[in-house]
Every structure is written in C-alpha cells, then in structure tokens.
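Geometric and topological summary
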Amino acid sequence: MLRRLSTIIGYFLFALVVIGGTLVLVAFSQGYSYDMSHHRFIRRGLVLFSSTPSGAQITKDGLAVKHNTSYRASYDPGKYVITLTKDGFRSWSKTLQVIAGQVT
C-alpha cells in the first residue's frame, strides 16, 4: 500500500513539473521575463538586427551594443534610436518603437 501511494505521489509530482515547465516555456516564447530587481514579470519586445553585409556595429541610444549584426535582443517597450555602422558604408539610423510581445 505504501509503495502504491509513493508511486501515485511520484507521478503527480512529475505531472506538476511537466505542466509548470510547459507554462514557463510558453510564457518565455510570448515575450515574458522575470525582472529580478523589481521581482515581477514583465513583457518585452524582440528586436532583430540584420544588415547586408553582416558585421555592422550596433548602437542603441548612443551606446555601443556588444554584438554586431546579425543579432537579436529583447527590450522593454519604448522608443530607441538604433544606428548601424560599418567601415566603407554609410551609417543607417532609425527610431524604433518596441512593442511588448511583438517582433521589430
């Protein structure tokens, strides 16, 4: 009887882990993340950076981003001034509106 009860409890805990993991993955894919500094869930937007030729330096609001194109990053909703520069090419600059849960 004790063995049967422990088996049932084990299956129940396993089901809870699978369901909880699935919920976390779905939330993450919808743009949600956990803000450790404010201890709350926030919804962010995804920005895809691409250029031809690739390897352009990315600047966000005047600050250099550590990565070059092609690159993707999630940002809080709002407006950002993005500039792409590469030696031998004209710079490209645009103000992007990042919307929560959407790809820009």
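Report follows, based on the coordinates. (Residues numbered from 1 in each chain as written. Predicted model: local features only at pLDDT ≥ 70, side-chain atom pairs only at ≥ 80, totals over all residues. Heavy atoms only, no water.)

**With respect to the overall build of the chain**
Helix and strand counts for the chain come out as 1 helix and 8 strands. Taken from the N to the C terminus, the helices and strands of the chain come in the order α-β-β-β-β-β-β-β-β. Computed over its C-alpha atoms, the radius of gyration of the chain comes to 21 Å, more than 25% above the 13 Å expected for a compact globule of 104 residues. The principal-axis extent of the C-alpha atoms belonging to the chain is close to 75 × 30 × 20 Å. Counting only residues that meet the buried cut, the chain has 18% of its 104 residues in that class. For the chain, the share of sequence-separated contacts (at least 6 apart) that also reach a separation of at least 24 residues comes to 41%. (Helix = DSSP H or I, 4+ residues; strand = E, 2+ residues; numbered from the N terminus. Rg over C-alpha atoms; globule rule 2.2 N^0.38 Å. Buried < 20%, exposed > 50% of the residue type's maximum accessible area, 1.4 Å probe, protein only. Contact = heavy atoms within 4.5 Å.)

**Notes on the layout of surface pockets**
Volume-wise, the largest pocket comes out at about 300 Å³. Elements represented by at least two residues in the lining of the largest pocket include exactly helix 1 (2-29), strand 1 (32-35), strand 3 (45-49) and strand 6 (71-75). Of the residues forming the lining of the largest pocket, the biggest block, 3 residues, is contributed by strand 6. (1 Å grid on protein atoms, 1.4 Å probe; cavity = no way out; pocket = protein on both sides within 12 Å on 5 of 7 lines; lining within 4 Å. Points joined across faces, edges and corners; volume = space filled by probe spheres on them.)

**Details of the packing of aromatic side chains**
Using the criterion set out here, one finds 4 aromatic pairs in the structure. On the numbers, 5.1 Å between centres and 70 degrees between planes, the contact of Tyr-34 with Phe-41 is edge-to-face. Judged by centre distance (6.5 Å) and plane angle (75 degrees), the rings of Phe-49 and Tyr-75 are edge-to-face. Of this pair, Phe-49 sits in strand 3 while Tyr-75 sits in strand 6, and the two are 26 residues apart along the sequence. Each of the two residues, Phe-49 as well as Tyr-75, counts as buried. (Phe/Tyr/Trp six-rings, centres within 6.5 Å; stacked < 30°, edge-to-face > 60°.)

**So, the nonpolar core**
Of all hydrophobic cores here, the largest spans 12 residues; its members are Val-47, Phe-49, Ala-56, Ile-58, Val-65, Ala-73, Tyr-75, Tyr-80, Ile-82, Leu-84, Leu-96 and Val-98. Sorting elements by how many residues they give to this core places strand 7 (residues 78-85) first, with 3 residues. (Core = buried A, V, L, I, M, F, W, Y, C linked by side-chain atoms within 4.5 Å.)

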